[in-house]
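Here is how the chains run, residue by residue.
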Amino acid sequence: MQPVPHGRVVRTTVRAGLAVALQQRCNGSSHPQGMQMRALEPDLQGFIHRNGIAVAYESYGSGERCVLFPPIDTIAHSRAWKGQIPYLARHARVVSIDPRGNGRSDRPTDPADYSDREFATDTLQVMDELGIDKAVLVGICSSAWTAILVAAQAPERVAGIVTLAANVPMLSPPHPWRVEFPWNEPLDLESHDGWAKDNIYYWQQSPGSYRDFTEFFAGEVIPEPHRSKLYEDFVGWSLETTAEAMAANDLAPSTVSTPEESRSLVHQVKCPVLSLYGDSDRCTPGERSRQLAQLVDARLVEVTGGGHLLMGSHPVIVNTQIRQFLDEVWPVQAPPRRWHRAIDRPKKVLFLSSAIGMGHAARDLAVVRQLRERVPDVQVDWLTQHPVTEPLARHGERVHPASAWLASESAHIEAAAGEHRLDVFQVWREMDETLLANYMVFDDLVNDEPYDLWVGDEAWDLDYFLHENPERKRAAYAWMTDFVGWLPMPEGGEREAALTADYNAEMVEQVARFPRLRDRSIFVGNPEDCVDLPLGPGLPSVREWTQAHFAFSGHVLGAQPYREQDRAALRRRLGYAPADKVCVVTVGGSAVGLPMLRRLVEAWPIAKRAVPGLRMVVVTGPRIDPTLLSSGDPDLVVHGYLPDLTDHLTACDLAVVQGGLTTTMDLVAAGRPFLYLPLQGHFEQNVHVPHRLAQYGAGVRVDWAEATPDLLADLIKSTVGGEVRYRPVETDGAARAADLLAEML
């Protein structure tokens, strides 16, 4: 089968199943989720109270400059700006306001409480409450109109306005379906289909009618393909209000009643204006944005193929446009910039190493050591975060100061995990705002500093948003990964199968459309290490597609394996006697592994009675407090982060680990017996890694549901010190990967 070309065939095939998946999510049958974390928490939360109604606000960041998001339409709330707030808060103070009727604000049912003047007054009172003299106002649809009202009423308080899909009343005719199906009149229809659902009487007709409308409306305001997460978010925000509040909002009085009055009010706006709209907006006609731009001499930006929710569907475009506008209307003294003539400066590499697990750091350090042998004058900066920064600091590597701005991916994963469970695909989807925030850190960095090569080792944020915005590429780019393809877990059902296929289809389409965006794709492994499973309906298999698009480095070891004759000396150095039976228990770089460590500590007394000379070394890693596992038994030693963990794994008689690839493959290379317990719900640890270990005939898999202390003790007894016959692991993977990178320098 040939790789599927870019085109509608893939989208049609996959989206047929995706529609069912999204319906299941809307009906409440979503995959189990943990707590969802924000990329940036507010510095301040509060309320203003006007006429007995509480209106909520949040404030982020600091500084003289301020970007303020007026209350959005009642169908959503300020979380709609989650893709903008973390980025802009690095450059200004940012304030968001929940509208009356949604979010943390009250939900009155009197239409008078939802007049456009009330929203404008809420905006000004929040500014007063927070001591904000003026701000750049950013609004979408009706909140763009709110920004215009504020600028007309209090021009001294507004430094500029950014509008998205500006819904200026009566500035142009609505879309035809808005006229065909009036929203404020009862419709004598046998069934409400399409835009007939956008009707206040239908919303209140039955308990499911309003939900039915929100699901339809979400598809209309988000027409772009592969936006399932944004769709789910929007439906969720919409369901946080009520049909009664929505009806009151839509029946609210307006400041203007004729096109002439609307134009007259817009003419009162004297501040700079930036107007963005999508040419595929099915909610608000683009003509309104175009006419607004003419009336106020605004800069107009049309997003071809863009729908209504531009800030969600095209966040990088929106973020960079707002930032550019902010700098123009409210300039700040920038630090001096120094530019070297390109031919004279050293060759520079920016290395993005995934912080989800510690294995990336070990292999990336090995590759960089080899790269420096091939390009001696190369300078390497690292853009990464804890826990990867631990080994980098130990090796004297330069972690770029911009890394401090990165939102913690490990913290998000830990918050979402269950007991030895991580539904990693779903968790990754819920991490969308963190991935965007971290990409924007990268984008700012490379805009200010030149590099010859970017290397992203499973830097999913970088790879995704570069393919979404290929014009942002300004250096050679290499992508590294040890697995390809999001795969569904059985417990995820049809929904997860459809969603993973949709994500894979998007990847296939992007790479086909921009085949040279990745100047080099490096698979850390060999062709047979790729599972021979389909990426989705109508899509090629993982192995077939990977072979067509990647170069293979072979496995990359973080450290060269010891010769067997040196192992005895290593054991002596680590304090292990010849008669000791050493069992090392370790988990990944996050706190997700704590339940497994506790389970092994429970198994320890049973195993100790069964195995003479048994010693257990528990390694918690950098994000788990080792005192949580202290036992008082001298034969059970608990360590936190061990820089020389590979040495302990090489010296042990048995290891018990999670199902992470790097640790298990280090054990294969060292020729050590091991048990591995894949995290439940983790498709990589349950599918990709077991497939690769099977190629080497390595490891004993233990499912968590069966991993009682008694069973673990029995397995320790039967496998500790046992003989293994693994297929050899290549030792030149780092050198081969470095060769591929050096060619790009």
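Use the structure listed above.
As a starting point, this report considers the structure included with it. Please read all numbers here as calculations on a predicted model, not as lab measurements.

Digging into the side chain of His-688
Phase 1 of the analysis: Mapped onto the elements of the fold, His-688 is located in helix 26 (residues 683–696).
Phase 2 of the analysis: Looking at His-688, its side chain comes within polar contact range of the main-chain oxygen of Gly-485, at 3.2 Å.
Phase 3 of the analysis: In this structure His-688 touches Phe-483, Val-484, Gly-485, Leu-487, Val-531 and Phe-683, once residues within four positions along its chain are discounted.

Brief notes about the packing of aromatic side chains
Phase 1 of the analysis: Applying the stated criterion across every chain yields a total of 29 aromatic pairs.
Phase 2 of the analysis: When the ring of Phe-442 is compared with that of Trp-454, the centres are 4.8 Å apart and the planes differ by 85°; the resulting orientation is edge-to-face. Here Trp-454 lies in strand 12 (residues 453–457) and Phe-442 lies in helix 18 (residues 432–448), a separation of 12 residues in the sequence. Grouping residues by exposure puts Phe-442 and Trp-454 together as buried.

Regarding the sheet that holds strand 21 (residues 700–701)
Phase 1 of the analysis: Taken in spatial order, the six strands make up an open sheet running 18-17-16-19-20-21, and their pairing is parallel. For this open sheet the edge positions go to strand 18 (636–639) and strand 21, each flanked by a neighbour on one side alone.
Phase 2 of the analysis: Pairing of strand 17 (residues 614–619) with strand 18 involves four bridges; the strand directions are parallel. In the sheet register, Val-619 faces strand 18, and the bridge partner there is His-639.
Phase 3 of the analysis: Strand contacts of helix 23 (residues 594–610): strand 16 (581–586), strand 17, strand 18, strand 19 (654–658) and strand 20 (674–677), with the helix running at about 170° to strand 17, the strand carrying the most contacts.

Section: the state of the cysteines
Phase 1 of the analysis: On inspection of all chains with the given rule, the structure shows zero disulfides.
Phase 2 of the analysis: Considering cysteine sulfurs only, Cys-66 is the nearest to Cys-271, which forms no disulfide, with 14 Å between them.
Phase 3 of the analysis: Since its relative accessible area comes to 14%, Cys-271 is described here as buried.
Phase 4 of the analysis: Here Cys-283 stays free of any disulfide, with the sulfur of Cys-141 as its closest cysteine sulfur at 4.9 Å.
Phase 5 of the analysis: On the basis of relative accessibility, which here comes to 8%, the residue Cys-283 falls in the buried class.

Definitions and limits used
Residues numbered from 1 in each chain as written. Predicted model: local features only at pLDDT ≥ 70, side-chain atom pairs only at ≥ 80, totals over all residues. Heavy atoms only, no water. Helix = DSSP H or I, 4+ residues; strand = E, 2+ residues; numbered from the N terminus. Polar contact = N/O pair within 3.5 Å; in protein donor to acceptor, adjacent residues only side chain to side chain. Contact = heavy atoms within 4.5 Å. Phe/Tyr/Trp six-rings, centres within 6.5 Å; stacked < 30°, edge-to-face > 60°. Buried < 20%, exposed > 50% of the residue type's maximum accessible area, 1.4 Å probe, protein only. Pairing = 2+ DSSP bridges. Axes fitted to C-alpha atoms, helices over the stretch in contact; angles between N-to-C directions. Disulfide = S-S within 2.5 Å.

These values are about where atoms sit, not about what they do.
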